[in-house]
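# Observations on chain architecture
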Amino acid sequence: MPKTLIEPFRIKSVEPIRMTTRADRERLLEQAHLNPFLLHAEDVLIDWLTDSGTGAMSSRQWGAIMEGDESYAGARSFYRLEKVVQDITGMPHFIPTHQGRAAEKVLFSAACQPGQVVPNNCHFDTTRANLEVLGVEALDLVIAEGLQPAFDHPFKGNIDLARAEALLNERGDAIPFGMLTVTNNTGGGQPVSMANIRAWAALLKRYGKPLVMDICRFAENAMFIKLREPGYADMPVRAIAQEMLSHADGCTMSAKKDGMVNIGGFIALKDDRWLEDARNALILSEGFPTYGGLAGRDLEALAVGLEEGLQEDYLRYRLRTAEYLGERLEAAGIGFVKPTGGHAVYIDARTVLPDMPQAHYPAWALCNALYLEGGIRGVEVGSVMFGKRLADGSEAYHSMELVRLAFPRRMYTQSHFDYAAEVIAEVKQRAADIRGVRIVKQPPLLRHFTAEFAWV
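An account of the accompanying structure is given in this report. Quick caveat: nothing in here was measured; it's all calculated off a predicted structure.

Calculation criteria
- Every chain begins its residue count from 1, and numbering advances along the sequence as written.
- In keeping with the model being predicted, local features are shown solely for residues with a pLDDT of at least 70 and side-chain atom pairs are shown and tallied solely at 80 or more, while totals for entire chains, interfaces and linings include all residues.
- Side-chain metrics rest on all non-hydrogen atoms present in the structure, leaving aside hydrogens and water.
- Strand pairing is assigned whenever DSSP identifies at least 2 bridges connecting the two strands.
- Numbering of helices and strands runs from the N terminus, with a helix taken as a DSSP run of H or I at least four residues long and a strand as a DSSP run of E at least two residues long.
- Axis lines are fitted to C-alpha atoms, over the contacting stretch for helices. Their N-to-C directions set the angle, which ranges from 0 to 180 degrees.
- The buried label applies to any residue whose accessible area, calculated with a 1.4 Å probe on protein chains only, is under 20% of its type's maximum; exposed applies above 50%, and partly exposed to all values in between.
- Should a side-chain nitrogen of Lys or Arg be within 4 Å of a carboxyl oxygen of Asp or Glu, the pair is scored as a salt bridge.
- Counting rule for disulfides: a pair of cysteine sulfur atoms within 2.5 Å.
- A pocket here means an open set of points on a 1 Å grid, computed over the protein atoms alone, that has protein on both sides within 12 Å along at least five of seven lines. A cavity is instead a set of points where a 1.4 Å probe fits but cannot get out; residues with an atom within 4 Å of a point line either one.
- Grid points are joined across faces, edges and corners, and a volume is the space filled by probe spheres set on the points.
- Residue classes follow a fixed rule: Ala, Val, Leu, Ile, Met, Phe, Trp, Tyr, Cys and Pro count as nonpolar, while Asp, Glu, Lys and Arg count as charged, and any other residue, Gly among them, counts as polar.
- In this analysis, two residues are considered to be in contact whenever any of their non-hydrogen atoms come within 4.5 Å of each other.
- For the purposes of this section, nonpolar cores are sets of buried Ala, Val, Leu, Ile, Met, Phe, Trp, Tyr and Cys residues that join through side-chain atoms within 4.5 Å.

## Remarks on the sheet that holds strand β5 (residues 178–181)
Pairing is mixed in the open sheet, where 5 strands are placed in the order β2-β8-β7-β6-β5. Of all strands in the sheet, those bounded by a partner on one side alone are β2 (93–97) and β5. Direction aside, neighbouring strands of the sheet carry axes that sit 15 degrees apart on average. Two strands pair when backbone bridges link them, and strand β6 (residues 211–214) and strand β7 (residues 250–254) are joined in this way by 3 bridges, in the parallel orientation. Within β7, the residue paired with Met213 across the bridge is Cys251.

## A few points about the pairing of strand β8 (residues 265–269)
Most of β8 sits out of view: 5 of its 5 residues are buried. Side-chain alternation along β8 places Gly265, Ile267 and Leu269 on one buried face and Phe266 and Ala268 on a second face that is also buried. Inspection of the sheet shows β2 paired to β8 by 5 bridges, in the antiparallel sense. Residue pairing in the sheet places Thr97 in a bridge with Gly265 of β8. Inspection of the sheet shows β7 paired to β8 by 5 bridges, in the antiparallel sense. Across the sheet, Ser254 pairs through a bridge with Gly265, a residue of β8.

## What about the pattern of salt bridges?
On inspection of all chains with the given rule, the structure shows 35 salt bridges. With a closest N to O distance of 3.0 Å, Arg206 and Glu165 form a salt bridge. Placement of Arg206 in helix α7 (residues 194–206) and of Glu165 in helix α6 (residues 161–171) is noted, with a sequence separation of 41 residues between them. Taking the shortest distance from any N to any O, the salt bridge between Glu220 and Arg318 comes out at 3.1 Å. Residue Glu220 is located in helix α8 (residues 218–228), and its partner Arg318 is located in helix α12 (residues 312–331); the two are separated by 98 residues in the primary sequence. Residue classification places Glu220 among the buried residues on the basis of a relative accessible area of 0%. Judged by relative accessible area, Arg318 falls into the buried class, the value being 5%. Taken together, the shared-partner salt bridges connect Asp51, Arg217, Glu220, Asp258, Arg318 and Arg409 into one network.

## Describing the state of the cysteines
For the coordinates displayed, the defined rule picks out 0 disulfides. Free of any disulfide, Cys122 has its nearest neighbouring cysteine sulfur in Cys216, separated by 14 Å.

## Brief notes about empty space enclosed by the protein
Per the stated rule, a full pass over the model turns up 3 cavities of 30 Å³ or more. Counted as a void, the largest cavity has a volume near 70 Å³. Taken together, Tyr317, Arg318, Thr321, Phe407, Pro408, Arg409, Arg410, Met411, Tyr412 and Phe417 form the lining of the largest cavity. For the lining of the largest cavity, the leading source of residues is α12, giving 3 residues. Taken together, the residues of the lining of the largest cavity sort by class into 6 nonpolar, 1 polar and 3 charged. In this structure, the second largest cavity spans a volume of roughly 50 Å³. Of the residues contributing to the lining of the second largest cavity, the split by class is 3 nonpolar, 4 polar and 5 charged.

## Re the sheet that holds strand β11 (residues 379–381)
Read from one edge to the other, the open sheet built from 3 strands follows the order β9-β14-β11, with strand pairing classed as antiparallel. Strands with a single pairing partner mark the edges of an open sheet, and in this sheet they are β9 (344–348) and β11. Averaged over all neighbouring strand pairs, the angle between strand axes comes to 35 degrees, with direction disregarded. Where α12 meets the sheet, its contacts fall on β9 and β14 (402–406), and the angle it forms with β9 comes to roughly 25 degrees.

## A few points about the nonpolar core
The biggest cluster of nonpolar side chains holds 61 residues, and the ones touching the most others in it are Trp200, Met213, Ile215, Phe218, Met244, Phe266 and Leu306. Among residues more than four places away in sequence, those in contact with Phe266 are Val85, Phe94, Ile95, Pro96, Thr97, Ala103, Ile215, Cys251, Thr252, Met253 and Leu306. Listed in part, the 33 residues of the second largest apolar core include Ile334, Ile347, Phe407 and Ala420.

As structure tokens, this is what we get:
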């Protein structure tokens, strides 16, 4: 049996990418104020900034687009998608939104009050911001192993149940619900075990609190459970996903990840405690409840994409792709979050730039170096994204300095990954020449998207 795991698809349409020189990239990065988010996409050779909405849709999805019902209210495309979501989540109430952060905004506005606290394994950037803008504390309670990049643990996304119970004892009245992000994006795309999901849901239930899951990458998490957790090896991934979600009372999803689409998201709820307020908020900001900011064609593409995202051949290939790049980095002596996650490889910038002070933002510096060396755009998950400028002008730094290389679905081939591995190894060899940065302009929230930098 051949050991090479091939892409489980054939390429039917291609898009050219523009080759640039290092001199080009130096000029372009300066024009972007040393912020890779501000680069023009056409000036990027391999774009691993995010896996959100950047993948390739299938021929079935493109065909479904032609079936889109663009009626304002009661479109058949809504009811088709509703049935798929209900079957996967087991939740009867479905609210479409145009993407995940809109789902968070709508649900949190209905469920939260200022002064409350929401525990999670880890909140990602928009989740945290949507809570904080409401005056709610977003508290990360991932297990200790989840904060140690080099430590190998099969489920580093697990929530720390002891710390969570202590919080429920101390501040239970201030907790509207508990959360769980699957997979845990902030901590390296790491999965959460079924045992941990079950225990967290049971703990919350004892205190009368609902569980809301962020299920952007629920299919990848289900596949990890199949591969790593005893008792699940022979269970279909779809059934594992359904069991995961049976423990939740509600969920939000950026369907631009495991929904395999370029735009879309949703809220699903098991009961109606937040339903009316959420639908009212939706009408105000997104649209009528049967389209929620999406065209009918988008609803149709998502109905197909949710099914395709659960295909085991695809998921096995998807997880193996990240593992393959990790093996190449390991051979080059480059540290990363172990084991590799489902949608990305997270380089530990401290293993490449051990002497760079945190005040010079080493993960951001490494992101810039990857672009300059080989035209690769990643994203910093470190002290720019999750640090804060304090009132006295000092900086609160993040516990990890990671560079996330997030892979769009069904888009790049093995040669792209081989090229990237060579570029990253070359950057490590030239680490002494990598320059740190300082922030010269930043907004109060989500600063990494638009901040401007200068070289130190």
